[in-house]
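Summary of the model geometry
Take a look at the letters that make up each chain.
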Amino acid sequence: MNIGPYVLANNLFAAPMAGVTDRPFRRLCKTLGAGYAVSEMVTSRRDLWDTLKTSRRANHDGEVAPIAVQIAGTDAQMMAEAAAYNIDRGAQIIDINMGCPAKKVCNKWAGSALMQDEPLALAIVQAVVAACASRGVPVTLKMRTGWAESHKNAVTLARAFETAGVQMLTVHGRTREQGYKGQAEYDTIAAVKAAVGIPVVANGDISSPEKARDVLAYTGADAVMVGRAAQGRPWIFREIAHFLATGTHLAPPLVAEVKRLLLDHLLDHYELYGAFSGVRTARKHIGWYVKTLPGGEAFRGSMNRLEDCETQWQAVADFFDGLGGFMDRMPVIGEGATPNAAGDQEKQDNKEEGELA
């Protein structure tokens, strides 16, 4: 599968998630089998580009190509400038956010709120494509099925976006009205795939190898994008890849391997965020890893009270050493289960995205 000139390793993608898919997490997902990973959304507001939050999101040091950056905003010219800003900082693919359902984003008419204003949505796409074309940078877009159950316009928009030059579309199988509640539906994704000639990616509730297989078959999509199910379980990508290739399940990872992965992830995380922010922003990642493990909830409570990186890192090492004393492998997560509630991501989105225009 290709996006512009870039040949992807496979058709298993890590979804952009606010406060989650930073550079360390994207690198981890790619190491564990994701063929592609998209950054957290970067604001189109120029006055926020020099903030620490945005500078971290625009940092791609050591990241494996292709580097895909998602941008969000409501003004076509500002979005075109945001695309150029991120290309100058290493972005090789620009993704337009029309899928985020967070209230703080949609209340400012960004994210999935743009699906209510089709002329504005198309104007933004045209401006971003024009800004990227001269740089040889492909543009992709992520959206929902529509604003509400009574207003599903993904197919109409998909045709317009393809004509405007978008080279890949990702569709989350929920409306903005749903947020992360209920279940994703895939009929609209199948209809989008049938309506356009560019690659289409299916997103929403991809939480197991079987679900990935079934959604690919049902929708005819070219790829699947995994979001919440990868939180605390980034090896889901290699599990899906193995299942699609062989029809058999890969054994859960060894506790010792997960210990190493998480400790390396934490070091990378601390390097990006620094000591003060690093120990705090790492807590959610650690919590996702341990939530389904014996003693995980108690450990999570005590770990959240630790205030320095060294102590936190050592506490994680000690926890997994203890776990390895009575179990060799991580537990199997059942069909359809995810290690965190759907509401966790909505809370995270609303917490992270107060800065958008």
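Above this text sits the structure in question.
Here's a quick rundown of the structure.

About the cut-offs
Sequence order as written defines the numbering, with residues in each chain counted from 1. pLDDT decides what is reported in this predicted model: residues at 70 or higher carry local features, side-chain atom pairs at 80 or more are listed and counted, and totals for whole chains, interfaces and linings draw on all residues regardless. Calculated side-chain values reflect all of the structure's heavy atoms, with hydrogen atoms and water omitted. Think of it in three bands: residues with accessible area under 20% of the maximum for their type are buried, residues over 50% are exposed, and the middle band is partly exposed, with areas taken using a 1.4 Å probe on protein chains only. By definition, any uninterrupted DSSP run of H or I lasting at least four residues is a helix, any uninterrupted run of E lasting at least two residues is a strand, and each is numbered from the N terminus. Working definition: the arc comes from the directions between the helix axis and the C-beta atoms, pointing outward to the latter. Contacts are assigned to residue pairs that have any heavy atoms within 4.5 Å of one another. Each axis is a line fitted through C-alpha atoms, and for a helix only the stretch in contact is used; angles between axes span 0 to 180 degrees, taken between their N-to-C directions. To sort the angles, those under 35 degrees are grouped as roughly parallel, those over 145 as roughly antiparallel, those from 65 to 115 as roughly perpendicular, and the leftovers as oblique. By definition, turning the near helix anticlockwise from the far helix through less than a right angle yields a left-handed crossing, and turning it clockwise yields a right-handed one. In the sections that follow, a salt bridge refers to a side-chain nitrogen of Lys or Arg positioned within 4 Å of a carboxyl oxygen of Asp or Glu. Think of it like this: strands point away, you trace from the first strand over the helix to the second, and a clockwise trace means the crossover is right-handed. Any two strands are treated as partners once DSSP identifies two or more bridges connecting them. Here a helix's expected span is defined as the number of its residues, less one, multiplied by 1.5 Å. Counted as a polar contact is a pair of N or O atoms within 3.5 Å, where, for protein atoms, one must be capable of donating a hydrogen and the other of accepting one, and residues adjacent in sequence contribute only when both atoms are in side chains.

**Topic: helix α9 (residues 236-246)**
- Those residues of α9 lying buried are I236, F237, E239, I240 and F243. Buried positions in α9, seen along its axis, are confined to an arc of 160 degrees and lie on one side of it.
- Of the surrounding secondary structure, the elements contacted by the buried residues of α9 are β3 (12-14), α1 (23-31), α8 (209-219) and β10 (223-226).

**Overview of the packing of helix α5 (residues 118-133) against helix α6 (residues 154-164)**
- At a minimum axis separation of 9 Å, α5 and α6 run at an interaxial angle of 25 degrees. One element, α5, and the other, α6, form an angle in the roughly parallel class. In this structure, α5 meets α6 at a crossing whose hand is right-handed. Residues E118, A121, L122, V125, Q126 and V129 of α5 lie in contact with α6, whose contacting residues are T156, L157, A160, F161 and A164.

**A closer look at the pattern of salt bridges**
- In total, this model carries 19 salt bridges according to the counting rule given.
- For E40, the salt bridge is made with R57, and the minimal N-O distance between the two is 3.2 Å. Of this pair, E40 sits in strand β4 (residues 36-43) while R57 is found in helix α2 (residues 52-57), placing the two residues 17 residues apart along the sequence. Each member of the pair E40 and R57 is classed as buried.
- R300 is the salt-bridge partner of E297, the closest N and O atoms lying 3.7 Å from each other. Residue E297 and its partner R300 are both found in helix α11 (residues 296-303); the two are separated by 3 residues, about one turn of the helix.

**A word on unusual backbone geometry**
- Between A65 and the following residue, P66, the backbone shows a cis peptide bond with an omega angle of 0 degrees.
- By the element assignment, P66 lies in the loop between α2 and β5 (68-72).
- Its identity is not glycine, yet D205 carries a phi of approximately 65 degrees, on the positive side.
- Locating D205 in the fold gives a position in the loop between β9 (200-203) and α8.
- When its relative accessible area of 21% is taken as the criterion, D205 is described as partly exposed.

**A word on the pairing of β5**
- Counting buried residues along β5, 5 of its 5 residues qualify, which places the element largely inside the surrounding structure.
- In β5, alternate side chains face the same way, and those of A68, Q70 and A72 on one face and V69 and I71 on the other are all buried.
- Handedness of the crossover joining β5 and strand β6 (residues 93-98) through helix α3 (residues 76-88): right-handed.

**Quick notes on the sheet that holds β4**
- Read around the barrel, 8 strands follow the order β3-β4-β5-β6-β7-β8-β9-β10 and close on themselves; strand pairing throughout is parallel. Direction aside, the axes of adjacent strands within the sheet are offset by 25 degrees on average.
- Pairing geometry for β3 and β10, over 3 bridges, is parallel. For L12, the partnering residue across the bridge sits in β10 and is V224.
- Its contacts with the sheet place α3 against β4, β5 and β6, and it is angled at close to 155 degrees to β5.

**Describing the side chain of Q312**
- By the secondary structure assignment, Q312 is in helix α12 (residues 309-324).
- Ignoring anything within four residues of it in the chain, the contact list for Q312 reads Y270, G278, V279, A282, R283, I286, M303 and L306.

**Points about α12**
- The end-to-end C-alpha distance of α12 is 23 Å, a good match for the 22 Å that 16 residues give at a rise of 1.5 Å each.
- Among the residues of α12, those classed as buried are C309, Q312, A315, V316, A317, F319, F320 and L323.
- Where α12 starts, the residue carrying a side-chain oxygen 3.3 Å from the main-chain nitrogen of E310 turns out to be D308.

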